Amino acid sequence: MKINRGSEWRKWDLHVHTKNTNKNDQFTSKSLDEYFIYLFKKAYQENIACIGITDYFTIDRYLDALKFIDEIQSKVDDQDNPIFSDEEKEFIENIFLLPNIELRMLPTTDKSRLINIHCLINPDYVPKLNNALFNTLENEGRFKMNHAGFIDYAKSLGQTGDDNKLFKEGLNRYTIDPKTLKEVIDKNLELKDNILIIVSNSNNDGNSGLQKHYDLFENETGSLDGIRKNIYKLSQAIFSNQEKDTQYFLGKRLDNKKDITFEEKYNERKRVIEEQGHLKACIVGCDAHTETDIFNRFTWIKSHLTFEGLKQILHEPEQRVIIQENIPNEKDKKLIISQASFVSSNNLFTPKIIYFNDNLNVIIGGKSSGKSILLYNIAKALYKDRSDEGVLKYFDTTDNRFKYFYDDLQNESDFIVKVKLASGLEQSSDRDNTEPSILPEIKYIPQNHLSNLVDRSKKNGSTLKELIKELILEDPFANERYKLFEDNRDSNNSEKLREIDTFFDFQDKIKGLKKDIQDKGSKDILTTSITFRQNEIITLQKDISEENKNLYNKYNTEIQILINENEKIISDYRKLKTLNQNIKASLEKIQNDKNSLLNTLENIDIKSEFTEQYGFIQQAINKINEIEQLFLLDDNNLINESSIKKQLINNNKIKRELQEKIKPLLGQKESQDKIQLLQTEIRTDQEKLNSIIKIENEIKDLQNELIIQKEKFLIILKSILMSIKA
């Protein structure tokens, strides 16, 4: 089943030759069927989404590939067992195949080889290709680029033999000049819309060779350089994996050089556009002529799997094309909404799954078509704050209750929305309020929310509170009671007030810590995510020896122990820093109170004696300032020596050594990069998990303290009330 998520990063190999290719066939498969079995199983293993079936001057092998896929359900081995699994069949049937016609063009390069020009064709246009291209394009001898034309061309060169031999001889000697190709394309606008021209930029077999080649002609200086420029203008993309080519054709050759002005960079882009026609993407394909080279190179292209999607690289060559091993801009799967679906008893909404891209998504539809309902219910399924004060609810004045938006519609139609993350975790809009969100990081801004916030601030801010207070105090009894409360409150000693503040401080801290946990997510979800990534690492390690796996697990465990130890050290650092700040603030307040009081003393001798007696306060402040130096940071690193800094440096040194030991154990570079990325994600989730456990323990301790403080608070409150009654 084809899933449409819009433009996604996928592996494209637009230059794949096959068994029975018209030139340089080094494939060892016994038959074309045997080759296609190998090709498509390899495509499944490497997750290749698009293949450009390439051959010289014809699309015969492309048509063979289409026929093979059409018959894939019936492909069996000698024992009548299916050759492909159901999963492989589904994948292969969804591969985007397109024909790549490779042309050899005059003039030759300085390596005495012809230039390669590739014509990628829209598969939908193939039925018209004979008339538009093969029966129209001619070589310098006016022989057409089709089967009969190759045979006639071979005969004109004096070749003899049967038609197959003549076909091969004619094709091997056939060349096209750039001017003729351009004229054919320019005259047929429909062909122009359905063809993509790519030139090779290899020095051995491509247009760059002309740079040296034209210098050999002393009497024709610059003539072949002009041809080279015309070929580049004709082309719409470049086959090259050279970084210098990528930078040049994107107009970024000067970007990384020092002391280059913006104007110089702008003029460089302008010059490239003038010389080449437009900025161009550099792409690569395997160009394999043996089975072992198939898909050894490929290009990541961000587009829909269509010819129109591929043509987007003409408009955004830099943003949509990347040559590298791993998927570009890969995101954490637990932070990606993969799909959503309505489940309703009366089919009020479509039951079709709605798939999401991992980048920007736009919900488009007419008025009252359900856009806001979909968005709201995705938020209802995932949003962490389901309280009455949150954005998911409103206050219904008809029955004085907080309700979810669309409750009435939901009661009428009995529907929910199910949301699934890329990690596989699911949650629905009818989840229990006590169930933690699987995506607490999500932000939801409802329609008109920002303007409502402005209006609400006018009505519910401090002005509104003062207005309510004034209205209440207009009642004489309430006013008298309030004044009496204020008098008694002020008359209570500071110790009682401190006890009351402590009680509410504990409550605020617990509330804040609970919110911290809510922000960090669910322990179960983080545990699942860690397990999921650990299993991915195990899969990537399948080709690694048991001894290396054991060493990897040993070193990784030791790294995790060091990370946990560092977290404890950093936690101790923060506690001590806070303690030092609090002591300093208290001492400075005592110092100010002391100075104020001593300045009121009238007896000089008494003042002198007690100024000296209280000198220890300043000494304590000086000591606290010394300790404060131990907590100073520069670029997130401790400046001064301490046991904290010493232990962190030592732990980090050991951790780096262990990480270096792990690298050789991870297999191929692609696997290394992927495993290292997974390790980083596991450590991030583990840090969150450890943080949640730590916060839960802090909450437990604070709740115990709160019980004790509550008793003190009630005693104080009782004494205040008794004094009011008296």
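Treat the numbers as computed from the prediction; the structure is a model and nothing was measured.

1. Considerations on the overall build of the protein chain
- Helix and strand counts for the protein chain come out as 25 helices and 17 strands.
- A burial count over the protein chain gives 40% of its 726 residues as buried.
- Accessible surface, the protein chain as shown: approximately 42,100 Å² in total, 50% of it carbon and sulfur.

2. Overview of helix H3 (residues 86–93)
- Those residues of H3 not exposed but buried are Glu 88, Lys 89 and Ile 92. Buried residues of H3, viewed axially, fall in a sector of 100°; they line one side. Within H3, the exposed residues directed more than 90 degrees away from the buried face are Asp 86 and Glu 87.
- Residues of H3 that are buried make contact with helix H1 (32–46) and helix H2 (60–70).

3. Quick notes on the packing of helix H21 (residues 546–598) against helix H23 (residues 616–629)
- Put simply, H21 and H23 touch, their axes get as near as 10 Å, and they point 155° apart. The angle between the axes of H21 and H23 places the two elements in the roughly antiparallel class. Our pair here, H21 against H23, has a crossing hand that is left-handed. Between H21 and H23, the contacting residues are Asn 580, Ile 583, Lys 584, Leu 587, Glu 588, Ile 590, Gln 591 and Lys 594 on the first element and Ile 617, Gln 618, Ala 620, Ile 621, Ile 624, Asn 625, Ile 627 and Glu 628 on the second.

4. A closer look at helix H14 (residues 371–382)
- The first and last C-alpha atoms of H14 sit 17 Å apart over 12 residues, in line with the 16 Å expected at 1.5 Å per residue.
- With respect to burial, H14 is a largely interior element, 9 of its 12 residues being buried.
- Looking only at H14, the buried set comprises Ile 373, Leu 374, Tyr 376, Asn 377, Ile 378, Ala 379, Lys 380, Ala 381 and Leu 382.

5. A few points about the confidence of the model for the protein chain
- Here the protein chain averages 84 in pLDDT, and 86% of its residues register 70 or above.
- In the model of the protein chain, helix H9 (residues 210–213) stands out as the element of lowest mean pLDDT, 37, in contrast to H2, which has the highest, 97.
- Confidence over residues 208–223 falls short of pLDDT 50; this stretch has 24 contacts with residues more than four positions distant or in other chains.
- Here residues 457–465 is a poorly scored stretch, pLDDT under 50, and it has 2 contacts once near neighbours within four places are set aside; other chains count.

6. Considerations on a nonpolar patch on the surface
- Taken together, the side chains of Ile 606, Phe 610, Tyr 614 and Phe 616 present a nonpolar region at the surface, about 370 Å² in accessible area.
- One can find Phe 610 in helix H22 (residues 604–613).

7. With respect to the nonpolar core
- If you look at the biggest cluster of nonpolar residues, it comprises 70 residues, and the most contacted ones within it are Phe 40 and Ile 51.
- With 6 residues, H1 is the largest single contributor of residues to this core.
- Filtering out sequence-adjacent residues up to four positions away, Phe 40 remains in contact with Ile 51, Ala 65, Phe 68, Ile 69, Phe 84, Ile 92, Ile 95 and Leu 97.
- The next biggest cluster of nonpolar side chains, apart from the first, holds 26 residues, and it includes Leu 513, Tyr 555, Ile 662 and Leu 678.

8. Section: unusual backbone geometry
- Here the phi dihedral of Phe 57 falls at roughly 70°; this positive angle occurs in a residue that is not glycine.
- Mapped onto the secondary structure, Phe 57 falls in the loop between strand S2 (48–56) and H2.
- Residue class for Phe 57 comes out buried when judged on its relative accessible area of 1%.
- In this model, Arg 142 sits at a positive phi of 70°, which is unusual for a non-glycine residue.
- With respect to the element layout, Arg 142 can be found in the loop between helix H4 (129–134) and helix H5 (147–156).

Quick notes on the rules
Residues numbered from 1 in each chain as written. Predicted model: local features only at pLDDT ≥ 70, side-chain atom pairs only at ≥ 80, totals over all residues. Heavy atoms only, no water. Helix = DSSP H or I, 4+ residues; strand = E, 2+ residues; numbered from the N terminus. Buried < 20%, exposed > 50% of the residue type's maximum accessible area, 1.4 Å probe, protein only. Areas by Shrake-Rupley, 256 points an atom, 1.4 Å probe, with all protein chains shown as cover. Arc of directions from axis to C-beta. Contact = heavy atoms within 4.5 Å. Axes fitted to C-alpha atoms, helices over the stretch in contact; angles between N-to-C directions. Parallel < 35°, antiparallel > 145°, perpendicular 65-115°, else oblique. Left-handed = near helix turned anticlockwise from the far one by under 90°. Expected span 1.5 Å × (residues − 1). pLDDT = per-residue confidence, 0-100. Patch = residues over 30% accessible without salt bridge, like charges linked within 9 Å, V, L, I, M, F, W, Y side chains within 5 Å. Salt bridge = Lys/Arg side-chain N within 4 Å of Asp/Glu carboxyl O. Core = buried A, V, L, I, M, F, W, Y, C linked by side-chain atoms within 4.5 Å.

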